[in-house]
Amino acid sequence: MMIDTGAVGSLFDSLRADALTSPDQLRELYPPPNPNALRKETDHLTEETRALIGCSSLVFIGSADIEGRADVTPRGGPAGFVSVLDERTLVIPDATGNKRLDTMHNVLQTGRVGLLFLIPGRPTTLRVNGRACVSARPELLSQLTPVGKPPVTAIVVEVEQVYPHCPKSLMRANAWRPERWMPADTQPTSAEVTLAQLDVPGLTIDQIEEAERESLRLRYE
């Protein structure tokens with residue numbers, strides 16, 4: 001796909017030159033939403049959405065730093081590893097990862113997160129947005145489901161928006177239909193991507209693959 005930038009500068013800057021600049025411009029391009037799409041948003045968890053979170057083993061956490069730089073990261077664990085303390089409070093235990101702590105740094109700066117809960121094999125998703133903080137309170141951590149080792153910290157979320165999201169995206173993506181997935185040999189491997197990202201002279205695919213195997217073997221440590 002070729003796009004004429006029309007001037008010196010990045011492709012993004014060229015496309016931004018005539019991009020939409022207001023909600024009114026955006027709304028002119030779309031029909032009004034179905035009233036139920038607005039009505040089904042709540043500011044608390046119902047019995048059903050609490051049960052759905054209890055079935056979820058995968059949640060994506062969206063956050064941003066104080067300058068607005070956004071980040072989305074996945075968190076996984078046993079079904080129900082995200083604890084529901086009451087209809088307005090969720091707790092996500094920390095799990096061993098790359099120790100960059102990007103999400104928690106963002107929470108410390110802005111005090112907000114957006115969550116997307118998924119259940120493998122089902123097209124159901126649940127969006128939850130709200131205030132957030134990072135807690136190291138021992139009596140709280142002791143109540144949480146550990147993802148491997150006991151959590152060192154946890155992200156506490158005060159629920160402000162709860163929205164059961166339309167399943168169309170996962171259905172269009174054939175997310176849970178292996179027969180529709182691309183063959184593995186047509187995709188770059190994780191090791192190939194990592195090797196290119198690191199760009200370290202002398203580092204080999206074999207070394208990266210071995211490091212990945214070891215990391216996954218010790219995924220709870």
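Residues numbered from 1 in each chain as written. Predicted model: local features only at pLDDT ≥ 70, side-chain atom pairs only at ≥ 80, totals over all residues. Heavy atoms only, no water.

### A word on the nonpolar core
(1) Moving on: Val82, Leu90, Ile92, Leu115, Phe117 and Val157 are the most contacted members of the largest nonpolar core, which totals 23 residues.
(2) Moving on: It is strand S7 (residues 154–165) that provides the largest number of residues to this core, a total of four residues.
(3) Moving on: Listed in part, the six residues of the second largest apolar core include Leu141, Leu144, Ala154 and Val156. (Core = buried A, V, L, I, M, F, W, Y, C linked by side-chain atoms within 4.5 Å. Buried < 20%, exposed > 50% of the residue type's maximum accessible area, 1.4 Å probe, protein only. Helix = DSSP H or I, 4+ residues; strand = E, 2+ residues; numbered from the N terminus.)

### Describing a negative patch on the surface
(1) Moving on: A cluster of acidic side chains, namely Glu41, Asp43, Asp86 and Glu87, defines a negative patch on the protein surface.
(2) Moving on: For aspartate 43, the location among the structural elements is in the loop between helix H3 (35–39) and helix H4 (47–55).
(3) Moving on: Judged by its relative accessible area of 43%, aspartate 43 is partly exposed. (Patch = residues over 30% accessible without salt bridge, like charges linked within 9 Å, V, L, I, M, F, W, Y side chains within 5 Å. Areas by Shrake-Rupley, 256 points an atom, 1.4 Å probe, with all protein chains shown as cover. Salt bridge = Lys/Arg side-chain N within 4 Å of Asp/Glu carboxyl O. Lys, Arg positive; Asp, Glu negative; His and termini not counted. Charge placed at Lys NZ, Arg CZ, Asp CG, Glu CD.)

### Some words on the side chain of serine 135
(1) Moving on: Mapping serine 135 onto the fold places it in strand S6 (residues 125–135).
(2) Moving on: Under the relative-accessibility criterion, serine 135 is labelled buried at 14%.
(3) Moving on: Polar contacts involving the side chain of serine 135 include one to the main-chain amide nitrogen of arginine 137, which spans 3.1 Å.
(4) Moving on: If we skip the residues at most four places from it in the chain, serine 135 touches Leu140, Leu141, Thr153, Ala154 and Val156. (Polar contact = N/O pair within 3.5 Å; in protein donor to acceptor, adjacent residues only side chain to side chain. Contact = heavy atoms within 4.5 Å.)

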